Number of protein chains: 2
Amino acid sequence: MAANRRAELRERLPDALRLYVLTDRRLARGRDEARIVADAIAGGATAIQLRWKQGPLAEALRVGREVRQVCRDAGVLFIVNDRVDLALALDADGVHVGVDDLPVAETRALVGERMIVGYSPPTLEAALAAERDGADYLGVGPIYPTGTKADAGGAVGVEHLARIVEAVGIPVVGIGGINASNATPVVAAGAVGVAVISAVVAADDVEAAARALRQAVEAGLRSRA
Amino acid sequence: MAANRRAELRERLPDALRLYVLTDRRLARGRDEARIVADAIAGGATAIQLRWKQGPLAEALRVGREVRQVCRDAGVLFIVNDRVDLALALDADGVHVGVDDLPVAETRALVGERMIVGYSPPTLEAALAAERDGADYLGVGPIYPTGTKADAGGAVGVEHLARIVEAVGIPVVGIGGINASNATPVVAAGAVGVAVISAVVAADDVEAAARALRQAVEAGLRSRA
Ligand code: NI
């Protein structure tokens, strides 16, 4: 395990978070996570998050090891959602926590410099606190209305994201209701990339869906150049 | 944090697991966890397990720190259920995992020698595997029919517990449907103690309930002497 993986990954983060695909078995229509992840990477995904919302953790370990291998072979970030213990057991590149999970400070204390920590701040103040407490990037949203997360609340819009980007010194990705037709303004507003679940994981053609999203992200980056 | 707390606690475990009380906010009828734990200890509880089945982990940290302090002041074991990350963040004396949680081997790898690991084996084979993988004690049950755990399955009885006690070299506690009137045969069958939830946590008089259970455990120990 890299004892100081964090510093190395922090340098790469702005590029590595351009297209961040979150897995969700419940949306995958019976398809294998590792297959979906491989297809998403072929289409241009730069980071993968393993979301494990139900089921035995022994199964999460099995699936997570497969997904991790696919990510490592491709040089793509492998991040685990919610559970710091699962992230450590999988020797992930990072862990992503939210308001219901272990707080950022405790998460950082547990992982040390072995991995990056992402956080989903509900407010601008929470974003600033998370940066102080050791978060390496932020996921801000839901940018647009979404049906994926029952607890996602009302859409915050790209203006809210732009305010957080201005206020913090760490990379921000937009999440929530993002697809190929609305991703460009999220990046134009200052996000380093977008995070998606259903737009890729539930797509008929995962690779094509990822490619269209990646192109929309690149268009947003060009608009800021 | 004690880097080698495990070895010290292993020596104490047979005595420290005589009356093992598991918290459950949903059964506590609005009463404060730390209060219930203090009363249970006054009645003779020798170990406490923080069970956190729902709600933000920030709240689990707050409650857990209170409960830990009550336990430390009394010299009583403080163990965290299910989540290795929460156990580490709380600097608990131990973590207890089951079939849906991180496997024993991965749990041991994460906690090292900093704490003890308990496991709930569904079968005799699982009990032997857990001992090999680094479990320090086992919780076997449900001994009697119970309404507390929806997924607890049919009662296994004291004979099943006795077979596991014979087969392994680590302490075994019985759990599931145990109260003051049926605890003695569990210990007589070879358990070092009993684990209870509702029999203490949901009692009108928590201290009296713990005292009656502890007396039933001591009667079981005397029957083996
Ligand atoms: Ni979460």
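Residues numbered from 1 in each chain as written. Chains lettered and ligands numbered in written order. Predicted model: local features only at pLDDT ≥ 70, side-chain atom pairs only at ≥ 80, totals over all residues. Heavy atoms only, no water.

Overview of the sheet that holds strand β7 (residues 172-175) of chain B
The pairing of strands in a sheet happens through backbone hydrogen bonds and is either parallel or antiparallel.
Residue and element names in this part refer to chain B.
Alright, step 1. Reading around the circumference, β1-β2-β3-β4-β5-β6-β7-β8 is the order of the eight strands in this closed barrel, with parallel pairing throughout. The mean angle between the axes of side-by-side strands here comes to 25 degrees, regardless of whether they run parallel or antiparallel.
Alright, step 2. Of the strand pairs in this sheet, strand β3 (residues 77-81) and strand β4 (residues 94-97) are connected by three bridges, and their pairing is parallel. Across the sheet, N81 pairs through a bridge with H96, a residue of β4.
Alright, step 3. Running at roughly 165 degrees to β7, helix α7 (residues 157-167) makes contact with β6 (137-140) and β7 of the sheet. (Pairing = 2+ DSSP bridges. Helix = DSSP H or I, 4+ residues; strand = E, 2+ residues; numbered from the N terminus. Axes fitted to C-alpha atoms, helices over the stretch in contact; angles between N-to-C directions. Contact = heavy atoms within 4.5 Å.)

Some words on the packing of aromatic side chains
All names here are of chain A.
Alright, step 1. Taken as a whole, this structure holds two aromatic pairs over all chains when the rule is applied.
Alright, step 2. Between Y20 and Y137 the ring centres are 5.9 Å apart and the planes differ by 70 degrees, which places this aromatic pair in the edge-to-face class. Here Y137 lies in strand β6 (residues 137-140) and Y20 lies in strand β1 (residues 19-22), a separation of 117 residues in the sequence.
Alright, step 3. By relative accessible area, which is 2% here, Y20 ends up buried.
Alright, step 4. With a relative accessible area of 0%, Y137 lands in the buried category. (Phe/Tyr/Trp six-rings, centres within 6.5 Å; stacked < 30°, edge-to-face > 60°. Buried < 20%, exposed > 50% of the residue type's maximum accessible area, 1.4 Å probe, protein only.)

Some thoughts on the sheet that holds β1(A)
Residues and elements named next belong to chain A.
Alright, step 1. The parallel closed barrel is built from eight strands, whose spatial order is β1-β2-β3-β4-β5-β6-β7-β8. Strand-to-strand twist across the sheet, computed as the mean angle between neighbouring axes with direction ignored, equals 25 degrees.
Alright, step 2. Bridge count for β1 against strand β2 (residues 47-50) is three bridges, and the pairing is parallel. Bridging from a neighbouring strand, Y20 pairs with A47 of β2.

Concerning the relation of the copies chain A and chain B
Alright, step 1. Structural alignment of chain A on chain B gives an RMSD of 0.0 Å, achieved by rotating through 180 degrees and translating 0.0 Å along the axis. When the rotation and shift are considered jointly, the pair of chain copies conforms to a two-fold rotation axis. Using C-alpha coordinates, one finds that chain A approaches the rotation axis most closely at A:D85, a distance of 2.4 Å.
Alright, step 2. Comparing contact sets, 100% of the residues at the interface of chain A also lie at the interface in chain B, consistent with an isologous, same-surface contact. (Least-squares fit on C-alpha atoms with pLDDT ≥ 70 in both.)

Looking at the coordination of the nickel ion
All names here are of chain A.
Alright, step 1. Looking at the nickel ion, the protein donor atoms are D82 (OD) and D101 (OD), and they sit 2.1 to 2.5 Å from it. Of this pair, D82 sits in the loop between β3 (77-81) and α4 (84-89) while D101 sits in the loop between β4 (94-97) and α5 (104-111), and the two are 19 residues apart along the sequence. Across the pair, D101 and D82 agree in class, each one buried. (Donors = N, O, S within 2.8 Å, 3.2 Å for Na, K, Ca; no water.)

Points about the interface of chain A and chain B
Alright, step 1. Of the residues lining the interface, 20 residues belong to chain A; the matching set on chain B comes to 20 residues.
Alright, step 2. The contact between chain A and chain B buries some 1400 Å² in all, and 66% of this surface belongs to carbon and sulfur atoms.
Alright, step 3. Across the chain A-chain B interface, the total number found is two salt bridges.
Alright, step 4. Note that B:R65 is salt-bridged to A:E106, the shortest N-O span being 2.9 Å.
Alright, step 5. Per element, the largest residue contribution to the side of chain A that touches chain B is five residues, and it comes from α4(A).
Alright, step 6. Looking at side-chain class alone, the side of chain A that touches chain B contains 12 nonpolar, one polar and seven charged residues. (Buried area = accessible area lost by both parts, 1.4 Å probe. Salt bridge = Lys/Arg side-chain N within 4 Å of Asp/Glu carboxyl O. Nonpolar A, V, L, I, M, F, W, Y, C, P; charged D, E, K, R; others polar.)

A short note on the pattern of salt bridges
All names here are of chain A.
Alright, step 1. Following the criterion strictly, the structure yields 44 salt bridges over all chains and no others.
Alright, step 2. Among the ionic pairs, D24 bridges to R26, the shortest N-O distance being 3.0 Å.
Alright, step 3. Two residues, R72 and D91, come together in a salt bridge whose shortest N-O distance is 3.6 Å. Of this pair, R72 sits in helix α3 (residues 57-74) while D91 sits in the loop between α4 and β4, and the two are 19 residues apart along the sequence.
Alright, step 4. A single salt-bridge network, built from bridges that share partners, covers R6, R10, R108, E113 and D136.

Concerning the UniProt feature "binding site: 4-amino-2-methyl-5-(diphosphooxymethyl)pyrimidine" (unreviewed entry) in chain A
Residues and elements named next belong to chain A.
Alright, step 1. Mapped onto the present numbering, the UniProt feature "binding site: 4-amino-2-methyl-5-(diphosphooxymethyl)pyrimidine" (unreviewed entry) falls at Q49, L50, R51, W52, K53, N81, S120 and K149.
Alright, step 2. For Q49, the location among the structural elements is in strand β2.
Alright, step 3. Apart from the residues lying within four places of it in its own chain, the contact partners of Q49 are Y20, V21, L22, T23, I79, V80, N81, H96 and Y137.
Alright, step 4. Among the polar contacts listed, one links the side chain of K53 to the side chain of D82, at a separation of 2.8 Å. (UniProt positions renumbered as here; feature names shortened; annotations may be inferred. Polar contact = N/O pair within 3.5 Å; in protein donor to acceptor, adjacent residues only side chain to side chain.)

Here's the deal with helix α6 (residues 124-133) of chain A
All names here are of chain A.
Alright, step 1. Looking at α6, one finds that the buried residues are A126, A127 and A130. One face of α6 carries all of its buried residues, which in axial projection span an arc of 105 degrees. Projecting away from the buried face of α6 at angles above 90 degrees are the exposed residues E125 and R132.
Alright, step 2. Along its buried surface, α6 packs onto α5, β5 (116-119), β6 and α7 (157-167).
Alright, step 3. Looking at the residues trailing α6, positive phi occurs at G134, about 115 degrees. (Arc of directions from axis to C-beta.)

Digging into the nonpolar core
Side chains of nonpolar character tend, in soluble globular proteins, to be buried together.
Alright, step 1. The biggest cluster of nonpolar side chains holds 127 residues, and the ones touching the most others in it are A:L138, A:V194, B:L138 and B:V194.
Alright, step 2. Those residues within four positions of A:L138 in sequence are excluded, and the remaining contacts are A:Y119, A:P121, A:A127, A:A130, A:I164, A:V168, A:I170, A:P171, A:V172 and A:V173. (Core = buried A, V, L, I, M, F, W, Y, C linked by side-chain atoms within 4.5 Å.)

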